[in-house]
Each structure stands twice: as C-alpha cells, then as structure tokens.
Amino acid sequence: MNKPSPFIVLIILFFNFHSNAQTTLTHNICNDVIKTMNHSCSYSYIYFGRTFDLDNFGVTGTDEFTITHGEVGLTYAEGGASIQFNIYAIDADFPNSFDESNLIGQSQEYDLPYIWSPGTQTAQIFTVAFENPVVIPANIDMILVEVKKGLVIGGSGLIHVAGTLQDNDASYYRGCVAGPDYINTVNLTYGQSTYPPADYNFYITAVEDFINIDIPFRAYLVNECEGLNKYFQLTTPSLIQNVAWNFGDPSSGASNISTQVNPSHVYSSPGLYTVTASVTNYGNQTYTTTKTITAQSTNEIPVVNDIFACEDTFGSGISSSFDTSNIEAQIVNGQTGVVVSYYDQNGNQLPSPLPNPLTNTQPNSQQITIRVAANSTSSLCCYNETTFNLITYTLPEVTQTDAIFSCDNDENGFSNFDLSNLPTDLINGQSGLTVDLFNSNNAIIASSDYANFTNLVANQDTIKAVVTDDVTSCASVTTINLIISPSPIAYSVNTLLGCDDNNDGFSEYFDTSDVEAQVLNGQTGINVTYFTENGTQLSSPLSNPYTNIEAYNQNIIVRVTNATTTCYQETTLQLQTVIQPSINQPTNLFACDNGNGYADFDTTSIEQQIIGNQTGVSIQYYDSNNSQLPSPLPALFQNTLPFSQTIYVKVEDISNPICYSETSFDLIVNSLPEVDLEEDYFICNLQPFLTLTVNPSFSFYQWSFEDGNIVSSTFQAIIENEGNYTLTVGQLENNIICENSFSFHLTRSNLPEIQDVNYGELGNNFIEIIASGDGDFEYSIDGLNYQDSNYFANIQGGSYTVFVRDKDGCGADSQEVTIIDYPKFFTPNGDDINEFWQIKGVNEFPDSQISIFDRYGKLLKQLSANSSGWDGTYNGKKMSSNDYWFVANLSNGTTFSGHFALKR
C-alpha cells in the first residue's frame with residue numbers, strides 16, 4: 001500500500017458539547033498514526049497548535065461546549081517531559097493577532113513516561129482527561145488548541161511527536177524557549193512551521209467514536225489501508241492491566257479475540273465490522289470502548305509503460321508532445337468505482353485525466369505517480385500507486401555554421417557555392433545522423449549539386465539543413481545564409497622613405513605603422529597580407545621599422561582579403577632610401593655657478609662642432625622634456641636644470657626631414673669654492689692679532705682689508721685691526737677658474753669695569769650694576785648665575801659680591817654691596833625653620849645695636865651685629881604670637897625702625 005509522504009503531528013481533543021452529545025473537532029482525513037523523527041528542543045518549552053473554525057464542526061455562535069479530554073501522539077519521550085493543553089480564543093488574522101491574554105482555559109500538566117524502544121517504537125496516543133473541563137463561551141467563533149511540551153525534574157524533556165498521513169488544514173508551532181527563567185528570550189510569535197523541518201507539519205484533531213466521555217481509553221485503527229489486515233491500539237497503554245479484544249468477525253474463528261494491548265486481525269471478507277475492547281486498569285476498574293471499521297480489498301494497478309517524446313529545443317530536456325491518450329484506459333483496465341489521480345515528482349497533484357499532449361516540467365526524465373482509490377469518501381485514504389516516466393529524447397546536436405560567402409566577381413548578385421563539406425561540418429563527427437539540404441524554395445538539393453550550387457535569390461539566399469537521428473527520428477533544423485560578397489578595396493598607399501646611414505642602398509628605418517590604415521581606409525573585417533613582386537609572402541603585419549631587401553627601391557604587393565569571404569584586391573607599396581646627414585658630437589660646456597646651480601654657457605661654437613661646413617641641413621635643440629629650444633642657441637645660454645643638463649640635437653636633411661641624425665651634449669655647472677668663515681670675529685685688546693685658516697686646496701687666495709691693503713695670498717691670514725675684511729678664493733676645474741668671495745668683521749673688546757652699584761633696601765630691594773666698556777657684557781650677583789640685564793629685582797637682604805664680565809672672555813670686574821632688610825615674621829616653634837629674628841646684612845656694621853619691644857613699648861631684647869637673633873623669649877618665657885617693634889642703630893649713623901610678627 002502506498003501513502004503520501006508528509007508527516008503530520010497528531011493531537012486529539014475530546015469535546016462534550018451540549019451536555020450529553022459528542023462533537024469531534026478534527027483536521028485528520030484518514031485514521032493513520034505513524035512514527036516520525038519530528039522532535040522538540042531539549043531542556044526547553046515548545047508549543048504545538050491547531051486552529052478550528054467552530055462553524056465547520058456544527059458549533060454555532062449561540063452554542064457553548066465543554067472540552068473534557070485531549071490526546072497527543074508520541075513515538076519517543078525522554079525523562080523530564082510533560083504535556084499540557086491550552087485553549088485560546090483567536091480570530092481570522094491568526095497568527096498575527098495571537099495574544100496569550102486570550103487564554104480561555106487549560107488542562108493540568110501531565111508528566112510523560114519514558115518512551116523508547118530503539119528501531120521498533122510505534123506511535124502511541126496519550127490522553128489527558130482535564131481535571132477542570134474548559135468551557136468555550138457561546139460568542140467564540142475560532143479557537144486555538146495548543147499543546148505545551150514542558151519540563152519537569154529528571155531529564156532533557158526531548159520528545160518525538162507522532163504524525164498522520166492525511167490532513168486538510170495548516171499547523172503551527174512556537175518556541176523553543178529555554179527554561180522558565182528565560183521564557184521571554186525567544187520569539188513567542190506563532191508562525192507556519194519551519195522548525196522542526198517543514199515536511200513535518202503539525203496536526204491537531206478530535207477523536208472519533210468516543211462512546212462515553214468518562215472512559216479513559218480509546219480503541220483506534222493504526223492503519224486502515226492494509227486491505228483486510230488491520231492493526232489496533234489503545235490510548236494510555238501505561239494504565240492498562242489487561243484487555244480483551246473482540247474484532248466482530250466470528251467467521252475468523254479463534255483469531256476473532258485477543259488479549260494483546262496492540263493486536264492485529266485479518267478479516268475473513270470485506271465488510272463493516274464493530275470492534276470492542278474491554279480494558280481493566282490497575283485500579284481493577286473495567287471500561288469498554290468500541291470502533292466501527294471498514295475492511296475492503298485494495299485496487300490493483302497494471303504496469304504503465306514509459307512515454308517518449310523529442311525535446312522541443314536542443315538541450316532543454318522539455319517536450320510538449322508526450323502522448324497520454326492511452327494512460328487512463330491502461331490504468332483503469334475495465335475497473336469501475338475507482339478514482340484515478342496523478343502527482344508529479346514533488347507530490348503536486350496534476351489534472352485527471354492527464355492533458356494530451358502533455359508537457360514535462362522536469363527536464364530529460366520526469367516521474368509521474370498514479371494513485372487509484374475506491375470511489376467512496378471513506379476509502380479515499382486507501383489506495384495503490386504505480387509510476388511511469390516521461391522520457392525526453394535529445395535532439396541531434398547541430399554545430400552552428402557561419403554563413404557561406406562567395407565573391408561577386410562580375411557584380412551581378414549571383415555566384416557558385418561549394419556545399420560539399422556542409423553535412424560533415426553540421427554533425428561534427430557524430431554517427432547515426434542523416435543530413436538533408438533544402439534550397440529557399442524548400443526543394444531538396446541533390447548531393448551531386450553540392451559542389452557547384454548557384455544561389456536562387458540575388459546577393460543573399462538561404463538553405464535549410466535537417467539533421468535526423470536514425471534511431472529516435474528526432475530532427476534538428478538549422479538555416480545557413482548564402483551571402484554574395486563584393487571584393488574589398490585596396491586603397492593606394494604613400495611611398496615610404498628610409499634613411500640610408502651608410503650609402504649602401506639599404507635602410508632599416510622604413511616606418512610601416514600607417515600602411516594598413518591607408519590600404520583599408522576604414523574597412524573592417526579585412527585581413528592584410530604582403531608579398532614580394534615574385535610572390536614570396538612577407539610577414540603580416542610588416543615589421544616596424546622595416547628593412548628593404550632590394551637596394552634603393554623595392555615594390556611590395558599589398559593584398560586586402562575579406563576575413564569571412566576570402567575575396568581580395570591588391571595594390572603596390574614603394575620603398576625608397578634617402579642618405580642620412582653626418583654629424584659630430586660636440587664637447588660638453590662648462591660654466592661657473594651664478595647661484596643655485598645655474599650659469600651662463602658660451603654656445604657660439606656648438607653649431608660648427610656639430611655639422612662643420614655641411615649645407616642643406618637644419619639643426620633643432622631639445623631639453624630632456626622634449627621641449628624645443630631656440631635654434632641657433634643664444635650666445636649665452638642659461639641652463640634650466642641646476643648643475644647638469646643634457647641638450648639633445650637633431651639634424652635633418654631639409655629636403656627629406658624624415659632622414660635625420662641625433663646627438664647630445666651636456667651643460668655642466670662648476671660649483672663655487674666654499675670656505676668655513678664666521679661673519680664676525682672678536683679679540684680682546686690684550687690680544688695682538690687673530691690667525692684665520694681655510695681649506696688649503698684652492699688654486700689661489702686673496703685676503704684684503706677694507707682700506708684695500710692685501711693681508712695675505714695664502715690659505716692663512718693674520719688679522720689685527722678692527723674692521724671689515726674680504727677673502728677671495730679661486731678653483732681651477734674643467735679648464736675654467738671659478739671664484740667666490742667671503743666677507744667678515746673683526747671687533748676688539750675693552751675690559752669691563754664697574755663704575756657704580758645702585759641698590760634699594762628695607763623692602764624695596766634691588767641691585768643695578770653700572771659698568772663701562774664696549775664689549776658684550778653679562779651680570780651676576782652670586783658669581784654663578786649670569787644674565788644679560790644689569791638689574792636684579794626683589795632680592796633678599798644681605799651681603800653680595802656683584803660681577804660683570806665680557807661674553808667673549810675679555811675679562812671681568814666685581815664689587816661688594818650690602819642690602820639691609822629684615823624678615824616680616826618668624827616662627828620659633830622648634831622645627832629649625834625661621835627660629836630666630838635678625839636684621840639681614842647687619843653683620844657688615846659690627847657696632848650696630850637692635851632693640852626689640854612689645855606693643856606696649858617694653859624692651860624685650862637687644863641684639864648685636866653678630867648675634868644669631870631673637871628666639872621669641874623674655875626671661876626664659878615664650879612670648880605669645882603677636883606683632884613686635886624694633887629700632888636699629890647702625891654704626892654708620894643710620895637709624896631705622898619697624899615691626900614684625902611672631903607666629904607659633
């Protein structure tokens with residue numbers, strides 16, 4: 001028995017409609033329940049769903065009903081898996097409009113047992129009797145029945161869901177969702193099933209023939225399409241202690257009963273039978289369930305032969321001429337009461353009967369499946385199948401042949417064509433093929449006329465070639481154009497001149513680059529070939545440059561040939577030699593650098609050096625960028641590239657400018673001699689002179705003072721007078737002397753002398769050093785740190801030695817100065833910082849006396865010039881933080897007073 005291929009997950013629900021009546025909601029056409037590999041995700045939730053339009057099941061908008069049971073088919077379950085039924089209200093926009101808030105009710109969660117029998121497991125039905133039946137309100141038109149595969153402690157929760165073979169609606173799923181802690185991490189939107197794979201379409205249906213809704217068991221037919229041999233199962237096998245089957249077939253004798261949970265029975269004859277199963281559970285409760293079945297013989301299908309046809313287009317594998325006129329009669333073979341249907345290789349149903357002629361949709365070979373079932377609604381699920389093939393014959397392969405050309409020598413539009421090789425060219429070595437040729441009047445051309453066939457239509461004609469397979473009789477047709485071609489034009493070409501550089505009549509300088517363009521004059525698809533006058537073929541294209549092989553003058557035959565038709569014409573190319581001018585290479589020119597590598601060069605003798613006394617020639621000069629320069633060159637020519645530049649020379653024969661000679665010469669700039677001299681030199685008045693030395697390798701030297709006197713004519717000079725000097729040096733190179741001059745100044749410095757030291761004290765502390773002399777001086781008040789300014793601001797009180805010195809080392813001078821000042825506060829707190837108060841610089845006045853008073857005028861301490869200062873005590877007692885006053889009487893008659901702060 002053959003069956004369709006898609007697997008459909010089976011979920012079964014029980015509905016108690018209008019109290020005692022029973023309603024079955026199902027999308028299952030047949031009762032087959034089969035094993036699949038359709039599985040959920042491990043360690044996660046997944047949801048299987050089916051939609052039901054209640055109107056289709058006799059439930060109107062004014063009715064309400066109660067769902068009491070649900071079933072699902074399984075073939076495999078690991079530990080940790082559970083199932084639960086959820087009932088939602090939905091509308092026609094499902095799944096887009098799906099909302100979990102529209103939950104009507106749900107069953108309790110049912111823990112699945114471990115189900116696994118490698119290689120032998122079959123589909124089992126698990127029933128969940130709702131502990132709290134779900135009531136569907138009267139105003140609900142559509143519902144979604146969803147089975148949630150959940151997780152319990154103890155395993156991965158992986159399941160394989162059983163399927164059915166026939167279905168009339170779509171299935172849905174959502175998930176997988178990892179664990180309860182991540183329930184929102186995965187898309188929960190319903191959609192058409194893409195996981196698991198699409199050929200496992202989920203399926204939900206209601207169970208038929210449920211006699212008593214309180215019975216937890218149901219008998220169902222596993223496969224009703226096995227003829228008289230039937231297989232039965234019971235739902236919820238894990239609850240069954242024992243069972244007694246009666247197959248309703250007393251004619252079968254002892255085999256009419258069985259105690260197996262999942263028995264089979266071969267019925268003695270076709271007919272309608274009532275099957276009864278009495279089931280006892282482990283609580284010793286007994287239930288009876290029944291099912292009515294039909295047993296019938298299957299329809300036999302005769303073998304159907306494959307159909308052959310020639311493909312429509314070469315290489316397509318598609319034919320529109322398959323003859324199916326005898327298929328239906330061959331299949332039915334006189335049977336009545338049967339339904340015949342056809343399916344392509346993808347399971348898509350085709351028209352019945354098949355169209356005639358039929359076009360295949362799969363190239364080369366396509367399998368067609370024929371299904372024959374009894375002509376009754378209850379038996380459409382039981383059928384036999386057979387197949388046949390639509391086989392496409394390949395058309396003969398014809399080698400594409402270009403048009404055949406012939407030259408129209410008399411220009412009347414007609415010519416003779418040789419078709420002798422055409423049949424061989426068309427089949428290209430293939431065997432088992434026959435070729436026939438037809439003229440444009442569709443008359444066959446005799447093979448005796450192949451070698452000398454004349455076109456029927458002027459200028460252009462066609463012939464048809466029919467290539468037939470000797471076995472399949474499939475034929476390919478192609479058309480060949482016959483084209484009358486005019487001969488191409490060989491345009492005249494200019495005479496070529498070549499320079500003969502040794503007057504032997506031969507030249508290797510003939511420029512042939514434009515010959516082909518001249519002879520074609522814009523024609524395309526033309527080959528150009530070359531021959532000597534005696535017919536020897538030359539290279540094509542001619543080498544460029546070309547060397548003549550006949551002295552002084554040579555004629556070359558130029559042939560232009562149509563590449564397709566081989567029609568040609570010829571013209572003549574003449575080669576003539578011309579004597580080349582003789583020239584000399586001039587000597588390089590040298591000049592002294594005027595600055596930055598540029599100089600003026602004397603070019604008055606260049607032309608004489610190049611051509612001597614020749615006449616009838618012209619001279620052209622070029623720089624390295626091929627820019628033309630004046631000719632003749634200016635008498636004094638300045639180079640345009642620094643230091644070194646090449647000038648290119650071209651000498652042409654005035655009567656034949658293509659014949660020329662070339663040479664070049666260089667303009668070389670001599671660098672000026674350089675010496676290492678400073679712009680300024682200094683000596684002290686104590687020094688009698690200064691000796692200067694430069695590079696000793698120059699050709700001559702001249703040291704001169706500003707008054708014109710020559711100081712020295714060697715590489716060394718002794719200078720002693722202050723003023724400006726000039727050194728001129730010369731260097732002989734490339735037979736010319738280049739000179740360069742350098743100026744410098746000698747300055748004599750006087751010894752510095754301190755004339756006066758200005759200073760301020762008692763808070764306006766500064767030192768200003770006044771020095772005499774004409775040197776470059778710098779100043780210091782500590783002998784270590786010098787500055788350009790003679791003024792020192794904001795200095796502390798004390799004794800200083802001030803200095804002035806010449807930067808060029810011409811001596812120094814110094815002087816002592818004392819700045820009287822006092823600190824504005826002191827901190828006698830034992831940290832060795834500011835522990836004593838004393839007037840700074842007072843030690844320079846040994847007879848000085850300082851008296852310290854408190855704010856009330858009480859004398860606290862008297863200090864001498866050499867005292868370390870007041871420590872902030874009076875009679876051994878520490879004085880408090882406050883302001884204190886002093887009076888200082890210096891030994892030079894100066895008296896001053898002030899106040900300061902003591903801080904603790």
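Residues numbered from 1 in each chain as written. Predicted model: local features only at pLDDT ≥ 70, side-chain atom pairs only at ≥ 80, totals over all residues. Heavy atoms only, no water.

Colleague: Pulling in residues and values, what's your account of the overall build of the chain?
Modeller: Helices and strands together make up the secondary structure of the chain, namely 4 helices and 63 strands. For the chain, long-range pairs separated by at least 24 residues make up 66% of all intrachain contacts whose partners lie at least 6 apart in sequence. (Helix = DSSP H or I, 4+ residues; strand = E, 2+ residues; numbered from the N terminus. Contact = heavy atoms within 4.5 Å.)

Colleague: Any chance you could break down the sheet that holds strand E52 (residues 766-772) for me, citing the residues and the numbers?
Modeller: The strand order across the open sheet formed by 3 strands is E51-E52-E54, and the pairing between neighbours is antiparallel. Of all strands in the sheet, those bounded by a partner on one side alone are strand E51 (753-760) and strand E54 (791-793). For this sheet the average axis-to-axis angle between neighbouring strands, irrespective of direction, equals 10°. Two strands pair when backbone bridges link them, and E52 and E54 are joined in this way by 3 bridges, in the antiparallel orientation. Within E54, the residue paired with phenylalanine 766 across the bridge is alanine 793. (Pairing = 2+ DSSP bridges. Axes fitted to C-alpha atoms, helices over the stretch in contact; angles between N-to-C directions.)

Colleague: Give a detailed account of the pattern of salt bridges, specifying residues and quantitative values.
Modeller: Applying the stated criterion across every chain, the model contains 6 salt bridges. With its nearest N and O atoms 3.0 Å apart, the salt bridge here joins glutamate 385 to arginine 371. Here glutamate 385 is found in strand E26 (residues 383-393), whereas its partner arginine 371 is found in strand E25 (residues 365-374), with 14 residues between them in sequence. On the accessibility criterion, glutamate 385 (21% relative accessible area) is partly exposed. Residue glutamate 652 is joined to lysine 650 by a salt bridge in which the shortest nitrogen-to-oxygen separation is 3.4 Å. For glutamate 652, a relative accessible area of 12% puts it in the buried group. (Salt bridge = Lys/Arg side-chain N within 4 Å of Asp/Glu carboxyl O. Buried < 20%, exposed > 50% of the residue type's maximum accessible area, 1.4 Å probe, protein only.)

Colleague: Help me get a handle on the state of the cysteines, residues and values and all.
Modeller: Per the stated rule, a full pass over the model turns up 4 disulfides. Paired through a disulfide, cysteine 592 and cysteine 738 show a sulfur-sulfur distance of 1.9 Å. What sets the handedness of the cysteine 592 and cysteine 738 disulfide is the S-S torsion sign, and at about -95° it is left-handed. Note that cysteine 592 is positioned in strand E37 (residues 589-592) and cysteine 738 in strand E50 (residues 736-749), a separation of 146 residues in sequence. Of the residues examined, cysteine 592 reaches a relative accessible area of 22% and is grouped as partly exposed. (Disulfide = S-S within 2.5 Å.)

Colleague: Requested: an account of the sheet that holds strand E42 (residues 644-653), with residues and values cited.
Modeller: Taking strand neighbours across the sheet as the criterion, the 5 strands line up as E37-E43-E42-E39-E40 in an open arrangement whose pairing is mixed. Sheet topology places E37 and strand E40 (628-629) at the edges, where each strand pairs with a single neighbour. The pairing of E37 with strand E43 (residues 656-670) spans 4 bridges and is classified as parallel. Looking at the pairing, alanine 591 lines up with valine 669 of E43.

Colleague: How would you summarise the pairing of strand E45 (residues 690-693) if you had to cite specific residues and measurements?
Modeller: The side-chain alternation of E45 yields one buried face, formed by Leu690 and Leu692, and one unburied face, formed by Thr691 and Thr693. In the sheet, E45 pairs with strand E48 (residues 716-719) via 4 bridges, with the strands oriented antiparallel. Bridge pairing in E48 places leucine 692 opposite alanine 717.

Colleague: Requested: an account of the nonpolar core, with residues and values cited.
Modeller: Within the largest apolar cluster, 31 residues are counted, with the highest numbers of intra-cluster contacts made by Leu54, Leu74, Leu112, Ile136, Ile143 and Ile159. Broken down by secondary-structure element, the contributors of at least two residues to this core are strand E3 (44-53), strand E4 (65-77), strand E5 (81-90), strand E8 (124-136), strand E9 (142-151) and strand E10 (159-161). Residues Trp837, Ile839, Phe886 and Leu890 belong to the second largest nonpolar core, which totals 21 residues. (Core = buried A, V, L, I, M, F, W, Y, C linked by side-chain atoms within 4.5 Å.)

Colleague: Just give me the short version of the side chain of asparagine 548, but keep the residues and values in it.
Modeller: Inspection of the secondary structure assignment puts asparagine 548 in the loop between strand E34 (526-532) and strand E35 (553-562). Only 3.1 Å separates the side chain of asparagine 548 from the backbone oxygen of glycine 505, close enough to count as a polar contact. From its side chain, asparagine 548 meets the backbone nitrogen of serine 507 in a polar contact 2.8 Å long. Residues contacting asparagine 548, with those up to four places away along its chain left out, are Gly505, Phe506, Ser507, Phe510, Gln554, Leu575 and Thr577. (Polar contact = N/O pair within 3.5 Å; in protein donor to acceptor, adjacent residues only side chain to side chain.)

Colleague: Describe the packing of aromatic side chains, with residues and values.
Modeller: As enumerated under the stated definition, the model contains 24 aromatic pairs in all. Considering the side-chain rings of phenylalanine 94 and phenylalanine 98, the 6.1 Å spacing of their centres and the 85° angle between planes classify their relative orientation as edge-to-face. Residue phenylalanine 94 shares its accessibility class with phenylalanine 98, and that shared class is buried. Each ring, one from tyrosine 267 and one from tyrosine 273, has its centre 4.3 Å from the other, and the planes form 40°; the classification is tilted. Both residues of the pair, tyrosine 267 and tyrosine 273, belong to the buried class. Three or more aromatic residues joined by ring pairs make a cluster, and in this case those are Tyr822, Phe826, Trp837, Trp870, Tyr884, Phe886, Phe896 and Phe900. (Phe/Tyr/Trp six-rings, centres within 6.5 Å; stacked < 30°, edge-to-face > 60°.)

Colleague: Which residues make up the environment of leucine 239, and what values do they have?
Modeller: The residue leucine 239 is located in the loop between strand E16 (229-234) and strand E17 (240-246) in this model. A sequence separation of 43 residues divides leucine 239 from tyrosine 282, and the C-alpha atoms of the two residues are 6.5 Å apart. Excluding its chain neighbours within four sequence positions, the residues that come into contact with leucine 239 are Phe217, Thr280, Asn281 and Tyr282.

Colleague: So what about unusual backbone geometry? Which residues, and what values?
Modeller: Leaving glycine out, the prevailing phi sign among residues is negative, and the prevailing peptide bond configuration is trans. Geometrically, the link from phenylalanine 94 to proline 95 is a cis peptide bond, its omega value of 10° lying close to zero. On the secondary structure map, proline 95 appears in the loop between E5 and strand E6 (103-106). For the peptide bond that leads from asparagine 356 to proline 357, omega is 0°, which places it in the cis range. With respect to the element layout, proline 357 can be found in the loop between strand E24 (349-350) and E25. Positive phi is not limited to glycine here, since aspartate 832 has a value of about 65°.

Colleague: Hey, could you go over the environment of threonine 462 for me, with residue numbers and the actual values?
Modeller: On the secondary structure map, threonine 462 appears in strand E31 (residues 460-469). For the pair threonine 462 and isoleucine 483, spaced 21 residues apart in the sequence, the C-alpha separation amounts to 8.4 Å. Here threonine 462 is in contact with Asn439, Ser440, Thr479, Ile480, Asn481 and Leu482, once residues within four sequence places are set aside.

Colleague: Break down a negative patch on the surface for me, citing the residues and quoting the values.
Modeller: A cluster of acidic residues, Asp676, Glu678, Glu679 and Asp680, forms a negative patch on the protein surface. When you line up the elements, glutamate 679 lands in the loop between E43 and strand E44 (680-684). Assessed through its relative accessible area of 62%, glutamate 679 is described here as exposed. (Patch = residues over 30% accessible without salt bridge, like charges linked within 9 Å, V, L, I, M, F, W, Y side chains within 5 Å. Areas by Shrake-Rupley, 256 points an atom, 1.4 Å probe, with all protein chains shown as cover. Lys, Arg positive; Asp, Glu negative; His and termini not counted. Charge placed at Lys NZ, Arg CZ, Asp CG, Glu CD.)

Colleague: Go over the side chain of asparagine 86 with me, naming the residues and quoting the values.
Modeller: Checked against the element boundaries, asparagine 86 lands in strand E5. Among the polar contacts listed, one links the side chain of asparagine 86 to the side chain of glutamine 106, at a separation of 2.7 Å. Asparagine 86 has contacts with Leu103, Gly105, Gln106, Leu144, Val145, Glu146 and Lys148, leaving out every residue within four places of it along the chain.

Colleague: Hey, could you go over the environment of glutamine 614 for me, with residue numbers and the actual values?
Modeller: With respect to the helices and strands, glutamine 614 occurs in the loop between helix H4 (606-611) and strand E39 (617-622). Counting along the chain gives 31 residues from glutamine 614 to isoleucine 583, while the straight-line C-alpha distance between them is 9.0 Å. Contacts of glutamine 614, omitting those with residues within four sequence positions, involve Pro581, Ser582 and Ile583.

Colleague: Tell me about the confidence of the model for the chain, and name the residues and values.
Modeller: Here the chain averages 84 in pLDDT, and 88% of its residues register 70 or above. Within the model, pLDDT remains below 50 along residues 177-203, and this stretch shows 85 contacts once partners closer than five positions in the same chain are excluded. Below pLDDT 50 for its whole length, residues 205-213 participates in 40 contacts with residues either more than four positions away or in separate chains. (pLDDT = per-residue confidence, 0-100.)

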